[in-house]
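Examination of the molecular architecture
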Amino acid sequence: MKVIAVYSVKGGVGKSTTAVNLAWEAASKHRVLLWDLDPQGSATFLLDVKPKLRGGAEALLQGRSKIADAVRATGVPGLDVLPGDESYRDLELVLDQAKHSEGRIDRALGSLSGDYDVIVLDCPPGSSLLAQNVIRAADVVVLPLVPSPLSARSLEQVRDIVRAEKHPPAVLAFLSMVDRRKTAHRAAIENLAAVEPEVIDVAVPHSVVVERMGYERVPVGASAPSSEAARAYATLWKAVWSQVSPAKAGKS
């Protein structure tokens, strides 16, 4: 089972749309669970799943509720969701009071190892105990970067958090919400990957087909398969799968 964390210290970078589209791409060949850890439940909404956890997030992480019982199917074959809801707002306090709090997500996922091939974690922004949990559980951290003078700073912040782990996961960063009409965005495409080894050659455009996910509630690859955004997410998935499972990359 491979764990892919979609994470950023910043909000508004296309994190949930990335998580949903990566999960959709992965589901074409693998059994996939998307765990929506954001109290806003954006990924849950985008996949048209009711944002309700029986007993809440606290019960899941304390073992009072079985994680498998909280999983919900989506309209995508092979793709399930562990919904996000408002109960995740109190998760930091729950983790802070728990023993061995940095490994709670990892231990919770252990019960699912026979059920799924790929777990995608959609993590809320910021540097927090929940972020530490997600990074500790992950095989790779996928970082969306909006092209701006602060892109390199966001990457460095995530690097610092990841490096603090005893066994740090890989980091794959890509450009998100790109508008090629803007000089700064074009410069980022041309220069950022050349100087930052974690940044791969993928640029997801700021596109109406991505925005339409909020209305149609289906991934871009399903609604607009020939679009630039769909092709970018497909390329991103191939890079992610190559990172977490190099021997199987050609079969993705």
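Structure: above.
An account of the accompanying structure is given in this report. None of these values were measured; they are calculated from a predicted model. (Residues numbered from 1 in each chain as written. Predicted model: local features only at pLDDT ≥ 70, side-chain atom pairs only at ≥ 80, totals over all residues. Heavy atoms only, no water.)

Before going further, it helps to examine the pairing of strand 5 (residues 118–122). Every regular strand shows the same layout, with side chains that alternate between the two sheet faces. Counting buried positions along strand 5 yields 5 of 5 residues, so the element is predominantly enclosed. Residues V118, V120 and D122 point to one face of strand 5 and I119 and L121 to the other, with burial holding for every one of them. Pairing between strand 1 (residues 2–6) and strand 5: 5 bridges, direction parallel. When the sheet's bridge partners are listed, V6 is paired in strand 5 with D122. Alignment of strand 2 (residues 32–36) against strand 5, held across 5 bridges, turns out to be parallel. (Buried < 20%, exposed > 50% of the residue type's maximum accessible area, 1.4 Å probe, protein only. Helix = DSSP H or I, 4+ residues; strand = E, 2+ residues; numbered from the N terminus. Pairing = 2+ DSSP bridges.)

Here we take up unusual backbone geometry. A positive phi angle is found at M177, which is not glycine, with a value near 55°. Tracing the backbone shows M177 in strand 7 (residues 170–178). A positive phi angle, close to 60°, is found at R217, a residue other than glycine. With respect to the helices, strands and loops of the structure, R217 is situated in the loop between helix 11 (213–216) and helix 12 (220–223).

Further remarks concern the environment of A229. Tracing the backbone shows A229 in helix 13 (residues 228–244). Since its relative accessible area comes to 1%, A229 is described here as buried. Those residues in contact with A229, other than ones at most four positions away along the chain, are P205, V209, V210 and V220. (Contact = heavy atoms within 4.5 Å.)

Let's shift gears to the side chain of E165. Here E165 lies in the loop between helix 8 (151–163) and strand 7. Not counting chain neighbours up to four residues away, the residues in contact with E165 comprise Q132, I135 and R136.

A word on helix 8. With 13 residues, helix 8 extends 18 Å from end C-alpha to end C-alpha; this agrees with the ideal 18 Å at 1.5 Å per step. Considered for burial, the residues of helix 8 that qualify are S151, S154, L155, V158, R159, I161 and V162. The arc enclosing the buried residues of helix 8, seen along the axis, measures out at 165°, which places them on a common side. Buried residues in helix 8 make contact with helix 7 (129–137), strand 6 (140–145), strand 7, helix 9 (183–195) and strand 8 (199–205). (Expected span 1.5 Å × (residues − 1). Arc of directions from axis to C-beta.)

Judged by how many residues are buried, strand 7 sits mostly within the fold: 7 of 9 residues are covered. Pairing of strand 7 with strand 8, which is carried by 3 bridges, proceeds in the parallel orientation. The residue of strand 8 that forms the bridge with A173 is V199. Once the chain exits strand 7 it traverses helix 9 before rejoining the sheet at strand 8, and the crossover so formed is right-handed. (Right-handed = clockwise from strand over helix to strand, strands pointing away.)

Generally speaking, nonpolar side chains in soluble globular proteins are found buried as a group. Among the nonpolar cores identified, the biggest contains 44 residues, and Y7, W35, L109, L121 and V141 are the most heavily contacted of them. Looking at this core element by element, the count peaks at 6 residues for helix 7. Those residues in contact with V141 that lie beyond four places of it in its chain are A5, Y7, I135, V158, V162, P169, A170, V171 and L172. Within the second largest apolar cluster, 40 residues are counted, among which are L46, V49, V118 and W237. (Core = buried A, V, L, I, M, F, W, Y, C linked by side-chain atoms within 4.5 Å.)

As a further point, take the sheet that holds strand 5. The 8 strands lie next to each other as 3-4-2-5-1-6-7-8, forming an open sheet whose pairing is mixed. Where the open sheet ends on each side, the last strands, each with one partner, are strand 3 (72–73) and strand 8. Of the pairings in the sheet, the one linking strand 3 to strand 4 (residues 79–82) comprises 2 bridges and is antiparallel in character. Directly across from A73, in strand 4, lies its bridge partner D80. Docked against the sheet, helix 1 (residues 15–26) engages strand 1, strand 2, strand 4, strand 5, strand 6 and strand 7, running at close to 170° with respect to strand 5. Here helix 8 sits on the sheet and contacts strand 6, strand 7 and strand 8; the angle it forms with strand 6, its principal contact strand, is near 160°. (Axes fitted to C-alpha atoms, helices over the stretch in contact; angles between N-to-C directions.)

With that settled, the discussion passes to the side chain of S8. As for its placement among the helices and strands, S8 is situated in the loop between strand 1 and helix 1. Looking at S8, the relative accessible area reads 1%, which means it is buried. Polar side-chain contacts of S8 include one of 3.0 Å to the backbone nitrogen of K10. Once residues within four sequence positions are removed from consideration, S8 is found in contact with V13, K15, P124, P125, G126, L143 and P144. (Polar contact = N/O pair within 3.5 Å; in protein donor to acceptor, adjacent residues only side chain to side chain.)

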